Amino acid sequence: MPGTFAVFAKRDCPTCELVAPVMGALAARDPAFKVYSQDDPAFPEQVATVEDDRELEAAFRHRIDIVPTLIRFEDGVEVARTEGWDAAEWRRITGIADLGDGLPALRPGCGSKSALPGVAEYLQVRFGDSGIRARRVEFGDYDDEVEVCFERGWTDGLPVVPPTDVRVLRMLQGTTRKPDEVVGLIPPNLAPCTVEKVAINAVMAGCKPEYMPVVLASIEAALEPEFTLHGLLATTYFSSPIIIVNGPVARRIGMNCGLNALGQGNRANATIGRALQLIVRNVGGGRPGEADRATLGGPGKYTFCFAEDESDAGWQPLSVARGFAPGVSTVTLFQGDGVQGFVDQRSRAPDELARSLAMGLNAIGHPKMALSQRAVLVLSPEHYAIFAEAGWDRARIEQELQAATEREGDDLVAGAHGVGEGMPAGMAGQKVPKFNPGGLMIVRAGGPAGLFSAILPGWIAGRNHLELQPVTKEIKP
Amino acid sequence: MKSPQWMRDPTPETAPLKRARLAPPPSLEGRTVGLFDIGKTRTKEFLDRVEFRLRERNIRTYRCGKPTNAKVATPENLQKIAEEVDVVLIGLSD
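Residues numbered from 1 in each chain as written. Chains lettered and ligands numbered in written order. Predicted model: local features only at pLDDT ≥ 70, side-chain atom pairs only at ≥ 80, totals over all residues.

**With respect to the overall build of chain B**
Then step 1. When helices and strands are tallied, chain B shows two helices and four strands.
Then step 2. Ordered by position from N to C terminus, the α and β elements of chain B give β-β-α-β-α-β.
Then step 3. Referenced to the eigenvectors of the C-alpha coordinate spread, the extents of chain B come out at roughly 50 × 35 × 25 Å.
Then step 4. For chain B, the proportion of contacts with a sequence separation of at least 24, taken over those separated by at least 6, is 78%. (Helix = DSSP H or I, 4+ residues; strand = E, 2+ residues; numbered from the N terminus. Contact = placed C-beta atoms within 7 Å.)

Given below as structure tokens:
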């Protein structure tokens, strides 16, 4: 036989059991022949000395996907391999014309244990170069790694998943982007944030690898100048980024746009929003009490992310309204607060409901304030049905709400109705809209029962409304 | 013993890994100083003297401690002390 041979096998593989006599025959002819057994060093019994590869190091180093795999080496270099049992191939590679006589001509092999889901990254870390460049933070044998994360100030107050090498490698599998690519400079410290740092923080947030493209798009959206992330994270006001996901990605990764869409319980919703917040905290240094000067803050600063319900063919999704083609997955980032609940269980006509919603919308920030805030209206299915049955589409609802939220300046000026807060005196005698054009975004979400909708008030920026805008980005792999 | 364990740093790595101690307060004026007896011999005499000097400066003190230096302080004990004081001086003696 020219060269030397090795077979990679496991007992828990019928094809390996089938070719056990063949391995015995090869061992009898060639003392240098090796069998690497992945699950039982006593297998195959026909071979006196079997290499114990239960740690899978040999399988990793030889990139074994299938067992049995026969490899021929010449001068230590692999020159031929075959997977499974293919009598003709085994005979050609070994040069033994009658090898495996009496066995079937072909039998497919089984998966190598080194190719099981999740094992590749583990082996890469254990026996290879992980390629991870971020600094190692070591901890002691008896340290609780979750507590180490708390002590280092890496958490939002809830436990995080410790970013071990294996977890970070798996997270990086969720994107085609290179780990050392810089996504942007994260305020307030304007620290460069690589894809690898995103992956580390996504691990900590509890993300699955398939969420990575959504997290990356969210960061890119947040870093657009018109999103003003620095001001948002530092503001004394309640606001923080709210992420609204559109397109097929939402279903693919199992996001919630239905029952309790704005609440807890869905991993993708919860962890994508959290990953963005952890990146602001850990990479950018935006921590409460430091750069983050929120007077009260809000629960949305842990995480606030949901998907739009696009199940109604008559409804134009938010992403399409914002200029993206149907079927394109996007994130829209909005500078917003928590949920202001809106109840109307009696209005049945669309104009009646629009006037009613306007009352809720006019209350955001302060009922006497106007033109200083945006808002997202999350229309529940039952409220939407009232508009849809009347043939009102997105554009019509927006138009009607814009009109219905317009008020008499006399009621809004500072001092009116005995309240100091209010608009400049010069607005007396005018009609004053609550929102600048485009200042109200409508999204559909929610469970099937309940004549409730949600208003997500926006950040009071106190500046030209065009300097502070929501941002929509396409989600790319 | 387990093999070396580590995590990856989620920060931009601009600060040293070794964490800095909390900065001491700029002044003890108006603060309560805990005098923590770790349970070693003659710690009491040492802390009595420190307390005398602090009271000379009209600084409030709060005596606390644990029964023996051979055991760590219980969380309940530390929480009780945290309720009472602004800073703690730990007495080591022999």
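**Regarding the overall build of chain A**
Then step 1. Helix and strand counts for chain A stand at 17 helices and 22 strands.
Then step 2. Taking 2.2 N^0.38 as the reference for a compact globule, 477 residues should give roughly 23 Å; the C-alpha atoms of chain A span a radius of gyration of 31 Å, well beyond that estimate.
Then step 3. Over its C-alpha atoms, taken along the principal directions, chain A stretches across nearly 105 × 50 × 35 Å.
Then step 4. Out of the 477 residues in chain A, the part that is buried amounts to 46%. (Rg over C-alpha atoms; globule rule 2.2 N^0.38 Å. Buried ≥ 20, exposed ≤ 12 C-beta atoms within 10 Å, placed from the backbone.)

**A word on the confidence of the model for chain B**
Then step 1. Mean pLDDT for chain B: 90, with 94% of residues reaching 70 or above.
Then step 2. Here the complex is predicted with pTM 0.89, and the ipTM for its interfaces comes to 0.89. (pLDDT = per-residue confidence, 0-100.)

**Re the sheet that holds strand β2 (residues 32–37) of chain B**
Residues and elements named next belong to chain B.
Then step 1. In space, the three strands of this open sheet follow the order β3-β2-β4, with parallel pairing throughout. Two strands close off the open sheet at either side, each with one partner strand: β3 (60–65) and β4 (87–91). Adjacent strand axes in the sheet meet at a mean angle of 25°, parallel and antiparallel pairs treated alike.
Then step 2. Along the sheet face, helix α1 (residues 43–56) touches β2, β3 and β4 and points at about 170° away from the line of β2.
Then step 3. Its contacts with the sheet place helix α2 (residues 75–84) against β2, β3 and β4, and it is angled at close to 155° to β2. (Pairing = 2+ DSSP bridges. Axes fitted to C-alpha atoms, helices over the stretch in contact; angles between N-to-C directions.)

**Concerning the interface of chain B and chain A**
Then step 1. Facing the 14 residues of chain B at the interface are 23 residues of chain A.
Then step 2. As judged from the four bridges shared by strand β10 (residues 136–139) of chain A and strand β1 (residues 5–8) of chain B, these two strands associate in the antiparallel manner. The partner of Arg136(A) across the bridge, within β1(B), is Arg8(B).

**Considering the packing of helix α14 (residues 350–362) of chain A against helix α16 (residues 394–404) of chain A**
All names here are of chain A.
Then step 1. Look at α14 against α16: their axes get within 9 Å of each other, and the N-to-C directions meet at 55°. When the axis of α14 is compared with that of α16, the two are oblique. Here α14 runs over α16; the crossing is right-handed. Note on element contacts: α16 touches α14 through Glu-400, Leu-401 and Ala-404, opposite Asp-351, Ala-354, Arg-355, Leu-357, Ala-358 and Leu-361.
Then step 2. Of the residues that constitute the contact of α14 with α16, the class distribution is six nonpolar, no polar and three charged. (Parallel < 35°, antiparallel > 145°, perpendicular 65-115°, else oblique. Left-handed = near helix turned anticlockwise from the far one by under 90°. Nonpolar A, V, L, I, M, F, W, Y, C, P; charged D, E, K, R; others polar.)

**Digging into the environment of Val376(A)**
All names here are of chain A.
Then step 1. With respect to the element layout, Val-376 can be found in strand β17 (residues 375–379).
Then step 2. Looking at Val-376, the number of C-beta atoms within 10 Å reads 20, which means it is buried.
Then step 3. The spacing of Val-376 and Ala-454 is 78 residues in sequence and 8.2 Å in space, taken between C-alpha atoms.
Then step 4. Look past the residues within four positions of Val-376 in its chain and what remains in contact with it is Phe-334, Gly-336, Met-441, Val-443 and Leu-456.

**Examining the nonpolar core**
Then step 1. Of all hydrophobic cores here, the largest spans 91 residues; its most connected members are Ala202(A) and Val215(A).
Then step 2. In contact with Ala202(A), not counting residues within four places along its chain, are Met171(A), Cys207(A), Tyr211(A), Met212(A), Val215(A) and Ala275(A). (Core = buried A, V, L, I, M, F, W, Y, C linked by C-beta atoms within 7 Å.)

**With respect to the packing of helix α5 (residues 119–127) of chain A against helix α7 (residues 165–172) of chain A**
All names here are of chain A.
Then step 1. Two numbers describe how α5 lies on α7: the axes approach to 9 Å, and their chain directions differ by 130°. One way to sum up the angle between α5 and α7 is to call them oblique. Classified by chirality, the crossing of α7 by α5 is right-handed. For the pair α5 and α7, contact is made by Glu-121, Tyr-122, Gln-124 and Val-125 and by Asp-165, Val-166, Leu-169 and Arg-170, respectively.
Then step 2. Class assignment for the residues of the contact of α5 with α7 results in four nonpolar, one polar and three charged.

**Here we look at helix α4 (residues 87–94) of chain A**
All names here are of chain A.
Then step 1. If you check which residues of α4 are buried, you get Trp-90, Ile-93 and Thr-94. Down the axis, α4 shows its buried residues gathered within 90° of arc, on one side only.
Then step 2. Buried residues belonging to α4 abut β1 (4–9), α2 (20–29), β5 (69–74), β6 (77–83) and β7 (85–86). (Arc of directions from axis to C-beta.)

**Considerations on the domain arrangement of chain A**
Then step 1. On domain assignment, one finds that chain A holds domain 1 (4–124) and domain 2 (146–474).
Then step 2. Here domain 1 of chain A and domain 2 of chain A have C-alpha centroids that lie 55 Å from each other. (Domains from an automatic or database assignment.)

**Regarding the sheet that holds strand β3 (residues 51–52) of chain A**
Residue and element names in this part refer to chain A.
Then step 1. Spatially, five strands are ordered β3-β2-β1-β5-β6 in an open sheet, and the strand pairing comes out mixed. Both edges of this open sheet fall to β3 and β6, since each of them pairs with a single strand only.
Then step 2. Direction of pairing for strand β2 (residues 34–37) relative to β3: parallel, over a ladder of two bridges. What sits directly across from Ser-37, in β3, is Asp-52.
Then step 3. Together, β1, β5 and β6 form the strand contacts of α4, whose direction differs from that of β6 by roughly 160°.

**A look at helix α15 (residues 381–389) of chain A**
Residue and element names in this part refer to chain A.
Then step 1. Taken residue by residue, α15 has Pro-381, His-383, Tyr-384 and Phe-387 as its buried positions. Summarising the axial view, the buried residues of α15 lie within an arc of 155°, below the 170-degree limit, and thus occupy one face.
Then step 2. Looking at the buried residues of α15, the elements they touch are α14, β17, α16, β20 (440–444) and β21 (452–457).
Then step 3. Looking at the residues trailing α15, positive phi occurs at Gly-391, about 80°.

**Observations concerning the pairing of strand β11 (residues 182–186) of chain A**
Successive side chains on a regular strand alternate, one facing one side of the sheet and the next facing the other.
Residues and elements named next belong to chain A.
Then step 1. In terms of strand pairing, β11 meets strand β12 (residues 191–194) through four bridges, oriented antiparallel. Across the sheet, the residue bridging to Val-182 is Thr-194, located in β12.
Then step 2. Between β11 and β12, which pair antiparallel one after the other, the connecting turn spans four residues, and Leu-190 there sits at a positive phi close to 50°.

**Describing unusual backbone geometry**
Then step 1. Note that the residue after Phe43(A), namely Pro44(A), is joined by a cis bond; omega there is -5°.
Then step 2. If you trace the backbone, Pro44(A) turns up in the loop between β2 and β3.
Then step 3. A cis amide bond links Val67(A) to the next residue, Pro68(A), at an omega of -5°.
Then step 4. Mapping Pro68(A) onto the fold places it in the loop between β4 (66–67) and β5.
Then step 5. If you check the backbone angles, Arg63(A) has positive phi at about 50° while not being a glycine.
Then step 6. Along the chain, the position of Arg63(A) falls in the loop between α3 (57–61) and β4.
Then step 7. For Arg63(A), a count of 13 C-beta atoms within 10 Å puts it in the partly exposed group.
Then step 8. Phi angles above zero are rare outside glycine, and Arg42(B) is one such case at about 70°.
Then step 9. On the basis of neighbour count, Arg42(B) is assigned to the exposed category, with 10 C-beta atoms found within 10 Å.

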